[in-house]
Amino acid sequence: MGSIHSTTSLSIFSVTGIVRSGGNEVIRQRRSLFSWSLQSSQDICCEICYGGPAMRGYLVAIFLSAVFLYYVLHCILWGTNVYWVPPVEMKRRNKIQPCLSKPAFASLLRYHQFHPFLCASDFKKIASLYGSDKFDLPYGIKTSGEYFRVALSKLQSCDLFDEFDKADNSGELGTGSLSQKSLMELSWIIANENGGNDGRDEPDRHMSSVPCKRCVVVGNGGILKNKTLGEKIDSYDVIIRMNNGPVLGHEEEVGRRTTLRLFYPESVFSDPIHNDPNTTAILTTFKPLDLKWLWELLAGGKINSHGFWKKPASNLIYKPYQIRILDPFITRTAAYELLHFPKVFPKNQKPKHPTTGIIAITLAFHICHEVHIAGFKYNFSDLRSPLHYYGNATMSLMNKNAYHNVTAEQLFLKDIIEKNYVINLTQE
């Protein structure tokens, strides 16, 4: 054929986007499928059509390479999620040395090894194993899985807390995976719930898989006023607090240290003076909006307060590395296993849910070997008595609460104290 006078310009697969693996961040602005732009003269067209096997082979090879490149990039770009939230590789869960002796409250636990915080990589798998995919919030992820996924994508860790890293790891028990014992327990329970076991004996439910930690759960009750328990509280391995119960200015009564603090959008601190960088802050999720709120704050977005029972915090004093999301299984255990709430309330009654205090005690049962409590007694005989050890709220406010069953909670507390499952530091 004659010589080729025209140039050929071939533009294949233009992708405008950046994939950065170092920061685990995918930034995509736009992409266009590949486009062909052939500017050629008539004679090159004839050469392709009538007898250029080398040229045809060359173009076929380019085409197949383009298809393969498209497939690879499609998997990378589209294989993440519909919200374009980059996958986050969370810090590995701690490996913890369990106690060999059983805790006093062992009979209350359904599972003896349960990691209480959700992890981005496997929260759906864990929900399926423990039945949380069958319940809506606040007891499961059934219709809120996408909200959980998006919120978890902004967090950096799902570990318990750094103190556990200092534990002796001989004979390690990894909380990041289910042990053979846990799988035996789980399969036995599932078999019985489905109409009886298959001949297997119930696993030994008296062995302890919780860490050897002495924990104190500090409530916000007015009974803590003038008790001077601060030094005693600070002596525990793990100190669990909740909501916006302050330490600053109340050190003599409630101590200085905080290991874990449970919160929800309407109850979290917003003043940075209350931030302790050694505290792990745990979002207790009651509704999908709570997860949306967390994601929007961490993403730097604007908060819409519509749908909250009171105005939520408009800023977070905690950093992403400090924040965890509590597994709804813990809240469900508190409601159904400990407080024995019905799964369906009568139509003329508002559904009741556990207070953050009872949820905190339930959490302690899953991560501690010994649990003490303080600040959980309320004086219902005098509605003018202080509700909290701080502020001016009175018991009359608690008496009007329709969201919680305080009577059932007080009976539960009385029971676990009398059975010596826990030690009450504010017993009168």
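Use the structure listed above.
Scope of this entry: the structure provided in the associated data block. (Residues numbered from 1 in each chain as written. Predicted model: local features only at pLDDT ≥ 70, side-chain atom pairs only at ≥ 80, totals over all residues. Heavy atoms only, no water.)

## What about the overall build of the protein chain?
For the record, the criterion: Per the convention used, a helix needs a DSSP run of H or I reaching at least four residues, while a strand needs a run of E reaching at least two, with both numbered from the N terminus. For every residue, the accessible area obtained with a 1.4 Å probe (protein chains only) is divided by the maximum for its type, and the residue is called buried under 20%, exposed over 50%, and partly exposed between those limits. Working rule for contacts: check all heavy atoms of both residues, and any pair within 4.5 Å makes them a contact. Using a 1.4 Å probe, accessible areas were evaluated by the Shrake-Rupley method; residue-level cover was limited to the displayed protein chains.
Regarding its fold elements, the protein chain presents twelve helices and eleven strands. Within the protein chain, buried positions represent 46% of all 428 residues. Long-range pairs, those at least 24 residues apart, make up 69% of the contacts in the protein chain between residues at least 6 apart in sequence. Of the roughly 22400 Å² of accessible surface on the protein chain, a fraction of 54% belongs to carbon and sulfur atoms.

## A word on the packing of helix α10 (residues 356-367) against helix α12 (residues 406-418)
Our working definition: Here an axis means a line fitted to C-alpha atoms, over the contact stretch when the element is a helix, while the angle between two N-to-C directions is reported on a 0 to 180 degree scale. Two helices cross in a left-handed way if the nearer one is turned anticlockwise from the farther one by less than a right angle. They cross in a right-handed way if the turn is clockwise. Residues are grouped as follows: nonpolar covers Ala, Val, Leu, Ile, Met, Phe, Trp, Tyr, Cys and Pro; charged covers Asp, Glu, Lys and Arg; every other residue, Gly included, is treated as polar.
Orientation of α10 relative to α12, taken along the N-to-C sense of each, is 35°, at an axis distance of 11 Å. Crossing geometry of α10 relative to α12 is assigned as left-handed. Where α10 abuts α12, its residues I358, I361 and F365 lie against E409, F412, L413 and I416. Split by residue class, the contact of α10 with α12 holds six nonpolar, no polar and one charged.

## A closer look at the packing of aromatic side chains
Defined as follows: Any two of the Phe, Tyr and Trp rings considered here, Trp counted by its six-membered ring, make a pair once their centres fall within 6.5 Å; the pair's planes then place it as stacked at under 30 degrees, edge-to-face at over 60, or tilted in between. Either the NZ atom of lysine or the CZ atom of arginine qualifies as a charge over a ring when it sits within 6 Å of the ring centre and within 35 degrees of the ring normal.
The full count for this structure, using the stated rule, is 15 aromatic pairs. On the numbers, 5.4 Å between centres and 45° between planes, the contact of Y111 with F329 is tilted. Placement of the pair is Y111 in the loop between β3 (95-96) and α3 (123-130) and F329 in helix α9 (residues 328-338), with a sequence separation of 218 residues. You can call F329 buried: its relative accessible area is 4%. Aromatic side chains F135 and Y336 sit 6.1 Å apart centroid to centroid with 45° between the ring planes, which places their arrangement in the tilted category. Residue F135 is located in the loop between α3 and α4 (145-152), and its partner Y336 is located in helix α9; the two are separated by 201 residues in the primary sequence. By way of ring pairs, the aromatic residues Y111, F114, Y130 and F329 are connected into one cluster. The ring of Y236 carries the charged tip of R214 above its face, separated from the ring centre by 4.5 Å. Sitting above the plane of the Y336 ring, K343 keeps its charged end 5.5 Å from the centroid.

## Quick notes on the state of the cysteines
Here is the rule we go by: Note on disulfides: each one is a pair of cysteine sulfur atoms within 2.5 Å.
Under the definition given, this model contains three disulfides. Across a sulfur-sulfur distance of 2.0 Å, C119 and C158 are joined as a disulfide pair. One quick way to see it: the torsion about the S-S bond of C119 and C158 is about 100°, and its sign makes the bridge right-handed. Of this pair, C119 sits in the loop between β3 and α3 while C158 is found in the loop between α4 and β4 (173-174), placing the two residues 39 residues apart along the sequence. In terms of burial, C119 and C158 fall into one category: buried. Residue pairing for C215: its cysteine sulfur links by disulfide to C368, the two sulfurs lying 1.9 Å apart. In this structure the cystine formed by C215 and C368 twists about its S-S bond by roughly -95°; its chirality is therefore left-handed. Here the residue C215 occupies a position in strand β5 (residues 214-218), and C368 occupies one in the loop between α10 and β10 (370-374), the gap between them amounting to 153 residues. For C215, a relative accessible area of 0% gives the class buried. The exposure class assigned to C368 is buried, which follows from its relative accessible area of 1%.

## As for the side chain of H372
Formally: Each polar contact in these results corresponds to two N or O atoms within 3.5 Å; when the atoms are within protein, one needs to be able to donate a hydrogen and the other to accept it, and residues that are neighboring in sequence are counted only if both atoms are side-chain atoms.
With respect to the helices and strands, H372 occurs in strand β10. A distance of 2.5 Å separates the side chain of H372 from the side chain of Y236, its partner in a polar contact. Leave out the neighbours within four places in its chain, and H372 touches R214, C215, V216, V217, Y236, I423 and L425.

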